[in-house]
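Structure at a glance
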Amino acid sequence: MTSGPAIRINPSSAVPPFEQVRQQIAELIRWGVLAEGQRLPTVRQLAADLGLANGTVARAYQELEAAGLVVTRRAAGTRVASAAALQPDARLEALTLRAREFVTAGRLLGAGDEELTDALAAALKATPSAVENP
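Residues numbered from 1 in each chain as written. Predicted model: local features only at pLDDT ≥ 70, side-chain atom pairs only at ≥ 80, totals over all residues. Heavy atoms only, no water.

On to a nonpolar patch on the surface, then. On the surface, a nonpolar cluster with roughly 350 Å² of combined accessible area is contributed by Phe102, Val103, Leu120 and Leu124. Looking at the nonpolar patch, the elements with two or more residues in it are α4 (88-108) and α5 (113-126). Looking at the secondary structure, you find leucine 120 in helix α5. (Patch = residues over 30% accessible without salt bridge, like charges linked within 9 Å, V, L, I, M, F, W, Y side chains within 5 Å. Areas by Shrake-Rupley, 256 points an atom, 1.4 Å probe, with all protein chains shown as cover. Salt bridge = Lys/Arg side-chain N within 4 Å of Asp/Glu carboxyl O. Helix = DSSP H or I, 4+ residues; strand = E, 2+ residues; numbered from the N terminus.)

Moving on, we get to the packing of aromatic side chains. Per the stated rule, a full pass over the model turns up 0 aromatic pairs. Of note, arginine 59 hangs over the ring of phenylalanine 18, and the distance from its end group to the ring centre comes to 3.7 Å. (Phe/Tyr/Trp six-rings, centres within 6.5 Å; stacked < 30°, edge-to-face > 60°. Lys NZ or Arg CZ within 6 Å of the ring centre and 35° of its normal.)

A separate point is the pattern of salt bridges. All told, the structure shown has 3 salt bridges when counted by the stated rule. Residues glutamate 63 and arginine 59 are paired through a salt bridge, measuring 3.7 Å at the closest nitrogen-oxygen approach. Residue glutamate 63 and its partner arginine 59 are located together in helix α3 (residues 54-66), separated by 4 residues, close to a single helical turn. The partly exposed category is assigned to glutamate 63, whose relative accessible area is 31%. Classification of arginine 59 by relative accessible area gives partly exposed; the value is 40%. Where arginine 107 meets aspartate 113, a salt bridge forms, and the shortest distance between an N and an O atom there is 2.5 Å. Its relative accessible area of 42% is what places arginine 107 among the partly exposed residues. (Buried < 20%, exposed > 50% of the residue type's maximum accessible area, 1.4 Å probe, protein only.)

The following block contains the structure:
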């Protein structure tokens, strides 16, 4: 990510560095900043860029892989996984995160539960599912 989005480590944070790396990369993937199939820097390169130990970045990558957000292959490196490859738990986590963002945005607009539910229902009706329209 030397030429891509910046990952920043806050040394005074109570959050361990591996978790800061994991959270930031997960967010970049979820927001579409890191696209499906995009290659992440090697563990060694990202560790050097961030001034961290290789094992710290390796742990972050392992956690991302366990969540189904990245896949690591020999010679191909670590790449952003396709959305279709997400495991059910990872899909639920991603959906829950987006639902929280939706609720937060709605609350900032002054919407109550009923309005939020109505907006979600309207979005579901307006957006065909991939199953119906592959």
